[in-house]
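# An overview of the molecular structure
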Amino acid sequence: MSIVAENVTYTYAIGTPAEGTALRDVSMTADRGEWVSVVGHTGSGKSTLAQHLNVLLIAQCGTVTIDGVVVREKSKDLRSIRRKVGLVFQYPEQQFFSETVREEIAFAPSNWGVVGAELDVCVNTAAQAVGLDVSLLSSNPFALSGGQRRRVALASVMAMCPDYLILDEPTAGLDATGIRELFQLLNEAKRGGMGIVQVTHDLASALSFSDRILVLEEGQSVSYGDPESIAAYLLERPVRGLVLPPLVAFCAALRARGVPLPLTSDIQEILGVLKKRRGDDRCDL
C-alpha cells in the first residue's frame, strides 16, 4: 500500500495578478514502512506537495492515490483518506486551537468516536510516544517551549494512528538532542510499518535517514532516487539552496582518488567500508 502522486500540477490564485504555479508535473511514491524525503529550496513547492499528500489540497492536474483510492474533490472517501495520512505543520502553533495539551491531543481520536477511558489511554500513549511529560497535559500549548510545542503537534497527529506521517520541516526550532530524539521516534514508527514523508531543506538528515529522496527546484522534480544517487546528482548539478554535507564531499574526494566509498553522511557506514577494505577492525582516517 502506498501514496502515489502522478504528474501533480498546482497553481495558486489562478486568473489574478498573484497567480503562480507551485508544482509542475511532480510524481513520487511513498510506501508504508518507507522513509521518503522531499528536499528543495524555499519556494520550491515542498509544502504544497505535502498538502496534496494529506489531501488538504486537491491536484488541479494529475492525480494523488492513497492506498489505491484516487483523491477527488468532494469525494465521499476524503474523510477516511485523511485519517490515513497525518500532517505535522512546519510551525506547530498553526495547528493548535485547544486550550490545553490534553484537548489538543484528544481532538483527532475524539473526532473519530473514541471516548471515555479509551480516549484517556489514547492521549497518554501518544504523549509518552513523543517524549512529552504527562504533567504538561493540563498546560496551554501556546505557553510551551518550541520543542515542547512540536512534540504536542506530533502527538496530536500520532494519536489517530495514521498509516502515513507527513512532516513539514520537522527539525525547525529543535536543538541537537531534540532532533536526535525525533528521528529515533520516526525510525521506530517506520519499523512499525508507518510511511514517513519528511519535507525539508536539511539535506544531511535526508541523506542519512531516507530510503528515497525527491529533489524539487522551482516546482519541478529534478531528481528522484536513493540517497547515494541523489548525492551523486547534486555533486554534478548543484541545486540552489541545497548544501551537501561536508562528509559527502569528503567521500567524493576519496572516490576520485580510487577509494570505493559510498556517497553518504553516515560516518559509521564510511568506517565500516574502510574497515572491510583494511580487512581488520582498525580504521585510521
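Model, not experiment: these values are computed from the prediction. (Residues numbered from 1 in each chain as written. Predicted model: local features only at pLDDT ≥ 70, side-chain atom pairs only at ≥ 80, totals over all residues. Heavy atoms only, no water.)

The final tally for this structure, using the stated rule, is 11 salt bridges. Residue Asp163 pairs with Arg32 through a salt bridge whose shortest N-O separation is 3.4 Å. Note that Asp163 is positioned in the loop between α5 (146–158) and β7 (164–168) and Arg32 in the loop between β2 (20–31) and β3 (35–40), a separation of 131 residues in sequence. A salt bridge links Glu181 to Arg151, with the nearest nitrogen and oxygen atoms 2.4 Å apart. (Salt bridge = Lys/Arg side-chain N within 4 Å of Asp/Glu carboxyl O. Helix = DSSP H or I, 4+ residues; strand = E, 2+ residues; numbered from the N terminus.)

What follows is about the side chain of Gln198. Mapping Gln198 onto the fold places it in strand β8 (residues 195–200). A polar atom in the side chain of Gln198 sits 3.2 Å from the side chain of Trp35. Ignoring anything within four residues of it in the chain, the contact list for Gln198 reads Trp35, Val36, Ser37, Val38, Leu167, Pro170, Phe183, Ser205 and Ala206. (Polar contact = N/O pair within 3.5 Å; in protein donor to acceptor, adjacent residues only side chain to side chain. Contact = heavy atoms within 4.5 Å.)

A word on the sheet that holds strand β4 (residues 61–66). Taking strand neighbours across the sheet as the criterion, the four strands line up as β2-β1-β4-β5 in an open arrangement whose pairing is antiparallel. Strand pairing shows two members of the sheet lacking a second neighbour, β2 and β5 (69–70), which therefore form its edges. With two bridges connecting them, β4 and β5 associate as antiparallel partners. Note on β5: the bridge partner recorded for Ile66 is Val69. (Pairing = 2+ DSSP bridges.)

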